[in-house]
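Take a look at the letters that make up each chain.
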Amino acid sequence: MKYSVVWSWVAAFVVLALLPLLPEPIGTPFHIELGAKVAIMAIFALSLQLLVGYTGLVSLGHAAFFGFAAYMVALLAPQSDVGNGWLLLGAAVGASMLLALAIGALVMRTKGIYFIMVTLAFAQLVYFVVHDTRYFGGSDGTYIYFKPEFTLLGWRFVDLEQPAQFYWFTLALLAFTVGALALVLRSRLGHTFVGIKHNEQRMRAAGYATVAYKLASFVIGGAFAGLAGFLYATQHGYVNPELLSWHKSGDALLMVILGGLGSLAGAVVGAASFVLLAEWFQDLTKHWQLLMGGFIIGLVVLLPQGIAGGFTRLRQRGMPRARSQAQSPGGKPAAAPQHTDPEADEALPVPRPGAASSHR
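Report follows, based on the coordinates. (Residues numbered from 1 in each chain as written. Predicted model: local features only at pLDDT ≥ 70, side-chain atom pairs only at ≥ 80, totals over all residues. Heavy atoms only, no water.)

1. Some points on the overall build of the protein
So, point 1. The secondary structure content of the protein amounts to 14 helices and four strands.
So, point 2. Taking all 360 residues of the protein together, 49% fall into the buried category.
So, point 3. Counting contacts in the protein only where the partners sit at least 6 residues apart, residues at least 24 apart contribute 77% of the total.
So, point 4. Accessible surface, the protein as shown: approximately 18,500 Å² in total, 65% of it carbon and sulfur. (Helix = DSSP H or I, 4+ residues; strand = E, 2+ residues; numbered from the N terminus. Buried < 20%, exposed > 50% of the residue type's maximum accessible area, 1.4 Å probe, protein only. Contact = heavy atoms within 4.5 Å. Areas by Shrake-Rupley, 256 points an atom, 1.4 Å probe, with all protein chains shown as cover.)

2. Remarks on the environment of alanine 63
So, point 1. Mapping alanine 63 onto the fold places it in helix α3 (residues 63-76).
So, point 2. Take alanine 63: its relative accessible area is 0%, and that puts it in the buried class.
So, point 3. Along the primary structure alanine 63 and glycine 229 are separated by 166 residues, whereas in three dimensions their C-alpha atoms are 8.9 Å apart.
So, point 4. Look past the residues within four positions of alanine 63 in its chain and what remains in contact with it is Phe44, Leu243, Leu244, Ser245, Lys248 and Ser249.

3. Thoughts on the pattern of salt bridges
So, point 1. Considering all chains together, one arrives at five salt bridges under this definition.
So, point 2. In this structure, the salt-bridge partner of glutamate 279 is lysine 37, at a minimum N-O distance of 3.7 Å. Placement of glutamate 279 in helix α10 (residues 264-284) and of lysine 37 in helix α2 (residues 29-55) is noted, with a sequence separation of 242 residues between them.
So, point 3. Judged by its relative accessible area of 23%, glutamate 279 is partly exposed.
So, point 4. In this structure, the salt-bridge partner of lysine 214 is glutamate 200, at a minimum N-O distance of 3.2 Å. Note that lysine 214 is positioned in helix α8 (residues 210-236) and glutamate 200 in helix α7 (residues 188-205), a separation of 14 residues in sequence. Taken individually, lysine 214 and glutamate 200 each receive the classification buried, so the pair is uniform in this respect.
So, point 5. Through salt bridges with shared partners, a single ionic network connects Glu149, Arg156 and Asp159. (Salt bridge = Lys/Arg side-chain N within 4 Å of Asp/Glu carboxyl O.)

4. Quick word on the packing of α7 against α8
Each pair of packed helices can be summarised by the angle the axes make with each other and by the distance between the axes.
So, point 1. Following both chains from N to C, one finds α7 and α8 inclined at 140°, their axes separated by 10 Å at the closest point. For the element pair α7 / α8, the angle class is oblique. As α7 packs across α8, the resulting crossing turns out to be left-handed. Judged by residue contacts, Leu189, Thr192, Phe193, Ile196, Glu200, Met203 and Arg204 of α7 engage Thr210, Tyr213, Lys214, Ala216, Ser217 and Ile220 from α8. (Axes fitted to C-alpha atoms, helices over the stretch in contact; angles between N-to-C directions. Parallel < 35°, antiparallel > 145°, perpendicular 65-115°, else oblique. Left-handed = near helix turned anticlockwise from the far one by under 90°.)

5. Some points on the nonpolar core
So, point 1. In terms of nonpolar packing, the biggest core is built from 110 residues, with Met41, Leu174 and Phe230 touching the most fellow members.
So, point 2. If you tally residues by element for this core, the top one is α2, at 17 residues.
So, point 3. Ignoring any residue separated from it by four or fewer positions in sequence, one finds methionine 41 in contact with Phe66, Tyr232, Met255, Ala271 and Val275. (Core = buried A, V, L, I, M, F, W, Y, C linked by side-chain atoms within 4.5 Å.)

6. Thoughts on a nonpolar patch on the surface
So, point 1. Together, Tyr3, Val6, Trp7, Val10 and Val14 give the surface a local cluster of nonpolar side chains, amounting to about 560 Å² of exposed area.
So, point 2. The residue tyrosine 3 is located in helix α1 (residues 3-17) in this model.
So, point 3. When its relative accessible area of 71% is taken as the criterion, tyrosine 3 is described as exposed. (Patch = residues over 30% accessible without salt bridge, like charges linked within 9 Å, V, L, I, M, F, W, Y side chains within 5 Å.)

Geometric descriptors of this kind do not, in isolation, establish any biological role.
Right, dumping it as structure tokens:
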């Protein structure tokens, strides 16, 4: 990321962190809980953005990792005492990664619509296993009676029972997710993901083991989906099989489309828009899905690149025309910049000579 983009992210998180400190009618417990829900869904959307927006893997089974992590929290948390937050967090994320590795190893050689359908099939398989097994609570789900406790050397540095502290905790993990994904996308690994999205055949011809790289993206995305699932289970204290259904995967995909493909900011904006609009539409009518569907269709027609992409396009159009037509001292037009994305996340890697031998 450029320094200006980094400072924009920092400023945004600082402003969001002030929510619990604001007076009513803004800083109420309802708005604090809603803000935490937005942060959790933003992490979930970011995990899918890595697959869809950067690697070109459209998955309708991403909720399997989200819901499986939530169930790990519910099954491993003690029923009569406070659970160890570090162990539950590690178990939830680790279980999601293992599930993503197992599913990804089986589906990664499929492409296009076949990949979508196979991921959906495996997710529904996990859904029915959880739904029809008494160990997982069946269709009724199961409860989490105590929020996990995070301690360091005997000192509890965060009390998740307090709504404000839970909100700050989720916001900190959202910031960690954005930073971690930004570092991944700026690395050779991330550039390879983007290269596979644009032209997998070219990357394979250059010597890149594209199946292994796509599997890596799938597992990383599953890990962050597991992080979101851990937070969801901790916030609500209840999990049911619907968390693994294709509807939840569809919600995440709509968040990514709503905010804009191929943009970390787009995933966050899309998640916030989806959650807030759902809350608003539910207050208006019980058929709120019709309003949500119509809004998304209208937005896709007006802003094909999503909300974040639309803002970026408007900002580029607002630049002085003379700046885009600036000339070099020799009178020749200045070279066009290599990256138009302010996050510079979508740079297509150009394989260098000898790259084939180092990536086989």
